[in-house]
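Okay, here's what each chain looks like letter by letter:
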Amino acid sequence: MASRLGVDVGGTFTDLVFYDHATGEVRVGKGSTVPASPDVGVKRVVSDTLESSELAASDLFLHGTTVGINSIVQRNGAVVGLLTTGGFRDVLETRRADRDEFYNMLWKPSEPLVPRRLRIDVTERVLADGSVHKPLDEGEVRSAAARFIEEGVESIAVIFINAHTFFEHELAAERVLRDAGFEGGISLSHQVTGEYREYERTSTTVIDAYVRPRVSTYLRDLSTSLREEQFDGEFLVTRSGGGSMPFSEAELRPFETVMSGPVAGAAGAAELCRNIDVQLAVTADVGGTTFDTCMILDGQAQVKYQGFVAGMPLQTAWVDVRSIGAGGGSIAFEDAGLLHVGPRSAGADPGPVCYGRGGVEPTVTDAAATLGMLAFGELAGGVTLDIPSAEAAIAELGKKISLDTERTAQGVIEITAVAMANAIRAILEEVGENPAEAAVLAFGGAGPLFGSLIAKELGAKTIVVPNYAGNFSAWGLLLQDLSRSAARSVLAPLDDSGLEAASNTMRDLRAGLEQRISEASTTLASSARIVSNLDLRYDGQEYFLTIEVPFEDGRIAISTDELAKSFATDYERRYGHALGAPVEIVAVRLTAITPLPKTNLLSNPGTTQEPRPRRSIDAFSFAHGQREKFEVVDRAELEVGSRHRGPMIVLEETATTYVDADLELEVHPSGTLLLHEIGGANNGRI
Amino acid sequence: MAVSELAPEVSSYKVTTQPVNNGIEVDPVTTQLIKHGLDAAAEQMGVALRRAAFSPFIYDTHDYAGALYDRDVRLIAQMRCLPIFVGTLNFVVEAAIRKIGFENFEEGDVVVSTFGYDTGSHQLDVTVVVPTFLDGELVAFAVNKAHHLDVGATSMFVTDSTDHWQEGVIYPSVRLYRAGERNEDLYRTMLANSRLPDAFDGDLHAQIAACHVACGALNRMFRRYGYDTVTAATDALFDHSELAMRRVIGAIPDGVYTVSAAVDNDGVSDDPLPYDVTVEIHGEDIVVDMSEAAPTAVGPINAPLATTVSCVRCAVMALARIEDGANEGYFRPIEIRTRPGTIFDAQHPAPMFMYAWPMITAIDHIHRALAPAIPDVIPAQTGCDVGAMLAWGHKADGTYWGDGANHPGGHGAAPAHGDGGSPLMHISCSGTRTCPTEVIEARTPLMVEKVELGIDSGGAGKYRGGTGLDTHYRAMLDLNVTLPWERVRPKPFGLYGGGDARPNNVVIEYPDGTSRSFLKASAEFVPKGSLIRLETGGGGGIGDPAERDPEAVRRDIEQGYVSEEAARRHHPHAFESSGAE
């Protein structure tokens, strides 16, 4: 039971990992992303990789998609109408009035997703304590509905001020809009986020309404076309906050899929860290266009409760994956005598010069090919890189900065690695973790190429290269359990009555969550486990910490003293000191996790290949600063428990691991490659 | 203008540091790697500061700055922080060297300064300087300043001080740590002089820890690449930045460009304080002359030289739209002229608590002066200053509360970018944000009645200025407000035929039906039931309103940015025959 396939759509490539439960076989596939219609690219990679009988026998299709985010970036979402409290129609446009480019006096925020004429305010007002200051004028809502219908509005976002304290007005507005004949989707702010701060809640609710039709259509088209291919299992999509949800539920809560893409790799990394006992790791996911990184602490990817997409905030659980524009396709160029790399990328089309698809600007991949880091340039499917043309492009760049080809190529790689390391450093230092103690978990097509260079920049001792490194995000998809979350602001002091209020809110929220679980159509899931959390902070501060609390017999089963103590302990661990100030309850958060059937995906794929004749290549060693003879081996030949000294280049179908001359490689029982300094132990927190 | 009563001498300020020229050649790759490393070291200081700070002014409003200087006090890297603080920190490092003596610094020293005439900020912006040593040699300084909640001024926010001592305790570059040992007597004195000692302690130690993080990062760079290589690379980076800045200035036609302006008032009297801004362009060099200015004011609206230098640098950086971290090279082509004893070069002990206000608005006038020279670059004026409101009182249960919020204004239209966008914070305060209604209402007895774009508040033109923002607060209980606003008097200017915009408007409507307009309000009593109307200025327009695309006129009416009545008045052409109807 529960053979499954994961398909992850990235900016450049669409990756597939198939797991056959009966045989334990794992198969990977990779195709180009079709930006205009990603479902076509998905279907193509599925039919290229799997027999139709295998697809028909699969039980789960797990998906990571960028459709939501793309419709925001490309501005082709729904025509949205915004209904809000009198006096607040401009909240969406005013934002928080900050400026992305600090020194740019001409900087303007992008146009709001709802134009001013479709933002209608009505008489109603609730105060911060939940009392009704002015009742809802239903006549005004009816007029708004007529206006929205006349203007061709496809979905409506309803956001009333202080709706987190009293949401009857939002529910009443929905009824009136329906009675008035509006048939499109309606997103109510208290159901979408339930958290205070009106701009952030408005932005989230509007995004939900904006991406709704496009996400729905995409998910339906994709499921229909895979059904036609005889797949009759469950369709699941990754949530921005981790875990997955059925397509049917994603159609109801589309904003939760916005960051679906990069999350799967982080989830896979967390699972891997739990299994090989790595306490602190950072991911280095290098694709064609971007470098994504996330901290994994104690086997958990770090989750935040607010994210940003295209400069707009989203109040939702958010796996804290950060991106910079650095990948294999990043273009290297000269400006005013200095060498720069990225963020512009050659992407999949035309791609790096050495792909021979018409690319003429030198990229990171071209620099790596020039230095021999990609060995002989053999790619999956019998394609071979055109290394001489890569060298020529790098040589041309070198002339502009008066450096020879070799040094120019090194420069491109070094500058890229430093930028990646700095992005990692920022994430770790925000939470007071030491980069030197972290393991670097390298995956994505070019991640294992950069792992050892990034580790050196950070002073990190261990590099981890997982199985199926080039398709690791898709692999991570296969391990996602079902997950649902809900949150609501409370804002009460941490005393007995405050805790009572939080208990009441939590009861309400649980009932809603349980309802959602019971309505879900999935047949594979077992029963859900609900994790209860409180957001707490010192009175007067803005930032909070999320603390797990026991919930028994319909109430939060911990005393205020114990809770305050546990908050102070966490605060001190995070910020180095605790304060004497009173503590405030900010919000209630619930996460329901419903496990999917287990796999043995983490077991070693085994040596599947007879050793080939030994090969080697002269490649550049950054550790020794010169060309050396690198042994070139196929990953499938490496035996579990074996140790190999660098310099070495390890090839697999969709990734290349560069093992510098000062490193040795150890094959973990799971098949994972562990790299560390020759003679050094794995002496990070591993 | 009373300039003739002033001392005649004008002083000139310019970067005087020299290249080290140690003869080492560094290739463009290594230079770039070192740049990444230096920038990251400065950023790490910001990360560490935000993480450990107590006060929301630091971790949420990001009211701080930090930078790294080499042993010659050359700015080698600055973190992303408030633009108004760009390049002020050298003054406090220089003061520390002057007062302590370069040769007297020891490894483990921590210097604290709150002296406004050294830091270029009011005392609330506590500044920490930590010297960095490499193998026993002093090689660099890490420095940061951050906004504290209380440093023992006459009140927590001072708008009516008449000398510098009333504005907070002065720590004139004192060593809180010597060779790693804390001076406990001094430490206790500092805590005793804050109304909020826990916050003071937390924020100060966050600043110190942040400096140490940066020093550590810097030392790793020195050890990895070698001190001389890093120094040679910094020379190259300064040259590179200087070149970039010179390219920008070189594109401006030579000339002397002057405009007149005025500060609304000094907070004590209602008299305006006039000044001229003269910008001279000579090839690739720029002189910003702020010397023709009103004498130092009685009230605290005076800027020390460090503030003026910083704002001019901010104005020129904005002109160049350089998003990179600042360094010494960018400042080399910039000369700043001031006259000691004026509002732009106040001398101790003149009060300076609101030091930034005149210079914030002066940034726009520096740009306006250049408008005739580079009409395709300079936008019309923004309507905003900081738009601060500080409010306090007692809640129904008798507990004391105090809170504050900033208000964004409309931005000018720009020749290359069209209409002004939605309201933003002034560029000198990029990174600060508005306070949400739902946060204000949860914390204070203020009810927000509206936050709405001001119709017709943007200047008309071929390109329309952005609208200002109308924020109305209802006092649900008796309370007090301080509103240190600027730009209530002059209308934000349009350019090249574009119209002026609505200026800031500060009004309190009382329950008895009367109302009062303010320039600046200081500790003003607001009885329960009153409405505080804060309506920020719009941005100026660009170009002749008669040239505005009729389609744009129609869209403005349809979206409600402009009333039909105002549109007909400014753009009659859009309503003729095939026009709007």
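The rules behind the values
Residues numbered from 1 in each chain as written. Chains lettered and ligands numbered in written order. Predicted model: local features only at pLDDT ≥ 70, side-chain atom pairs only at ≥ 80, totals over all residues. Heavy atoms only, no water. Phe/Tyr/Trp six-rings, centres within 6.5 Å; stacked < 30°, edge-to-face > 60°. Helix = DSSP H or I, 4+ residues; strand = E, 2+ residues; numbered from the N terminus. Buried < 20%, exposed > 50% of the residue type's maximum accessible area, 1.4 Å probe, protein only. Lys NZ or Arg CZ within 6 Å of the ring centre and 35° of its normal. Salt bridge = Lys/Arg side-chain N within 4 Å of Asp/Glu carboxyl O. Pairing = 2+ DSSP bridges. Axes fitted to C-alpha atoms, helices over the stretch in contact; angles between N-to-C directions. Contact = heavy atoms within 4.5 Å. Parallel < 35°, antiparallel > 145°, perpendicular 65-115°, else oblique. Left-handed = near helix turned anticlockwise from the far one by under 90°. Nonpolar A, V, L, I, M, F, W, Y, C, P; charged D, E, K, R; others polar. Buried area = accessible area lost by both parts, 1.4 Å probe. Polar contact = N/O pair within 3.5 Å; in protein donor to acceptor, adjacent residues only side chain to side chain. Expected span 1.5 Å × (residues − 1). Arc of directions from axis to C-beta.

Draft legend 1. Quick peek at the packing of aromatic side chains. This model, assessed by the stated rule, comprises 18 aromatic pairs over all chains. Consider the rings of phenylalanine 443 of chain A and phenylalanine 472 of chain A, whose centres lie 4.5 Å apart with planes at 50°: the pair is tilted. Taken together, the residues phenylalanine 443 of chain A in strand 24 (residues 439-443) and phenylalanine 472 of chain A in helix 15 (residues 472-477) connect sequence positions 29 residues apart. The exposure class assigned to phenylalanine 443 of chain A is buried, which follows from its relative accessible area of 1%. Given the relative accessible area of 1%, phenylalanine 472 of chain A is considered buried. Consider the rings of tyrosine 275 of chain B and phenylalanine 344 of chain B, whose centres lie 4.9 Å apart with planes at 90°: the pair is edge-to-face. Note that tyrosine 275 of chain B is positioned in strand 10 (residues 273-282) and phenylalanine 344 of chain B in the loop between strand 12 (334-338) and helix 10 (356-370), a separation of 69 residues in sequence. For the pair tyrosine 275 of chain B and phenylalanine 344 of chain B, one class covers both residues: buried. One aromatic cluster is present, built from ring pairs that chain together Phe61, Phe231, Phe235 and Phe247 of chain A. One Lys or Arg, arginine 313 of chain B, reaches over the ring of phenylalanine 331 of chain B and ends 4.1 Å from the middle of that ring.

Draft legend 2. Molecular detail of the pattern of salt bridges. Residue and element names in this part refer to chain A. Under the counting rule described, the total for this entry stands at 73 salt bridges over all chains. Aspartate 90 is paired through a salt bridge with arginine 119; the nearest N and O atoms lie 2.9 Å apart. Of this pair, aspartate 90 sits in the loop between strand 5 (80-85) and helix 4 (91-94) while arginine 119 is found in strand 6 (residues 119-122), placing the two residues 29 residues apart along the sequence. Judged by relative accessible area, aspartate 90 falls into the buried class, the value being 0%. Among the ionic pairs, aspartate 98 bridges to arginine 95, the shortest N-O distance being 3.4 Å. The exposure class of aspartate 98 is partly exposed, given its relative accessible area of 21%.

Draft legend 3. Seen up close, the sheet that holds strand 20 (residues 521-526) of chain B. Residues and elements named next belong to chain B. Judged by pairing direction, the sheet is antiparallel, and its 4 strands sit side by side in the order 14-13-17-20 without closing on themselves. Of all strands in the sheet, those bounded by a partner on one side alone are strand 14 (400-405) and strand 20. Adjacent strand axes in the sheet meet at a mean angle of 20°, parallel and antiparallel pairs treated alike.

Draft legend 4. Looking closely at the pairing of strand 36 (residues 655-659) of chain A. All names here are of chain A. With 5 of 5 residues buried, strand 36 is to be regarded as a mostly interior element. Relative to strand 36, strand 35 (residues 648-652) runs antiparallel, the two being bridged by 5 bridges. Among the inter-strand pairings, glutamate 652 is bridged to a residue of strand 36, identified as alanine 655. Hairpin remark: strand 35 followed by strand 36, antiparallel, with 2 residues in the connecting loop.

Draft legend 5. Structural context of the sheet that holds strand 9 (residues 155-159) of chain A. Residue and element names in this part refer to chain A. Strand order in the open sheet formed by 4 strands is 6-5-9-10, and the pairing between neighbours is parallel. Among the strands making up the open sheet, the edge pair consists of strand 6 and strand 10 (185-188). Along the sheet, successive strands turn relative to each other by an average axial angle of 20°, direction set aside. Across the face of the sheet, helix 6 (residues 168-179) comes into contact with strand 5, strand 9 and strand 10 while running at roughly 170° to strand 10.

Draft legend 6. Structural context of unusual backbone geometry. All names here are of chain A. Look at the link from glycine 342 to proline 343: it is a cis peptide, with omega at 0°. When you line up the elements, proline 343 lands in strand 23 (residues 338-345). A cis amide bond, omega 5°, links glycine 646 with the succeeding residue proline 647. In this model, alanine 310 sits at a positive phi of 50°, which is unusual for a non-glycine residue.

Draft legend 7. Fine view of the packing of helix 8 (residues 305-320) of chain B against helix 10 of chain B. Residue and element names in this part refer to chain B. Put simply, helix 8 and helix 10 touch, their axes get as near as 9 Å, and they point 45° apart. Judged by the angle between their axes, helix 8 and helix 10 are oblique. As helix 8 runs across helix 10, the sense of the crossing is right-handed. Of helix 10, the residues touching helix 8 (which contributes Thr307, Thr308, Cys311, Val312, Cys314, Ala315, Ala318 and Leu319) are Met359, Ile363, Ile366, His367 and Leu370. Class assignment for the residues of the contact of helix 8 with helix 10 results in 10 nonpolar, 3 polar and no charged.

Draft legend 8. Structural view of the environment of glycine 64 of chain A. Residue and element names in this part refer to chain A. If you trace the backbone, glycine 64 turns up in strand 4 (residues 60-64). The buried category is assigned to glycine 64, whose relative accessible area is 0%. Not counting residues up to four positions away in its chain, the partners in contact with glycine 64 are Val7, Asp8, Val9, Thr238, Ser260 and Leu477.

Draft legend 9. Quick look at the interface of chain A and chain B. Taken together, the contact between chain A and chain B spans 70 residues of the former and 76 residues of the latter. Regarding the contact of chain A and chain B, the summed buried area is about 6700 Å², with carbon and sulfur atoms giving 56% of it. Three residues, Phe102, Tyr103 and Met105 of chain A, lead the burial of chain A against chain B; their summed loss comes to 15% of the area buried on that side. The interface formed by chain A and chain B includes 5 salt bridges. In this structure, glutamate 457 of chain A and arginine 224 of chain B form a salt bridge, with 2.5 Å as the shortest nitrogen-oxygen distance. Across the contact surface, chain A and chain B share 32 residue pairs in polar contact (both at pLDDT 80 or more). Only helix 4, helix 8 (198-228), strand 23, helix 13 (405-430) and helix 17 (560-575) of chain A provide two or more residues apiece to the side of chain A that touches chain B.

Draft legend 10. The arrangement of helix 17 of chain A in detail. Taking 1.5 Å of rise per residue, the 16 residues of helix 17 of chain A would be expected to cover 22 Å, and the 22 Å separating its terminal C-alpha atoms lies within 8% of that figure. Of all the positions in helix 17 of chain A, only Thr560, Leu563, Phe567, Tyr571 and Tyr575 of chain A are classed as buried. Down the axis of helix 17 of chain A, the buried side of the element spans an arc of 75°, and every buried residue falls inside it. Opposite its buried face, helix 17 of chain A presents the exposed residues Asp561, Lys565, Thr569 and Arg573 of chain A, each directed more than 90 degrees away. For helix 17 of chain A, the elements touching its buried residues are helix 16 (496-519), strand 27 (529-538), strand 28 (545-548) and strand 31 (583-594) of chain A together with helix 1 (28-52) of chain B.

As far as function goes, none of this settles anything; it's purely spatial.
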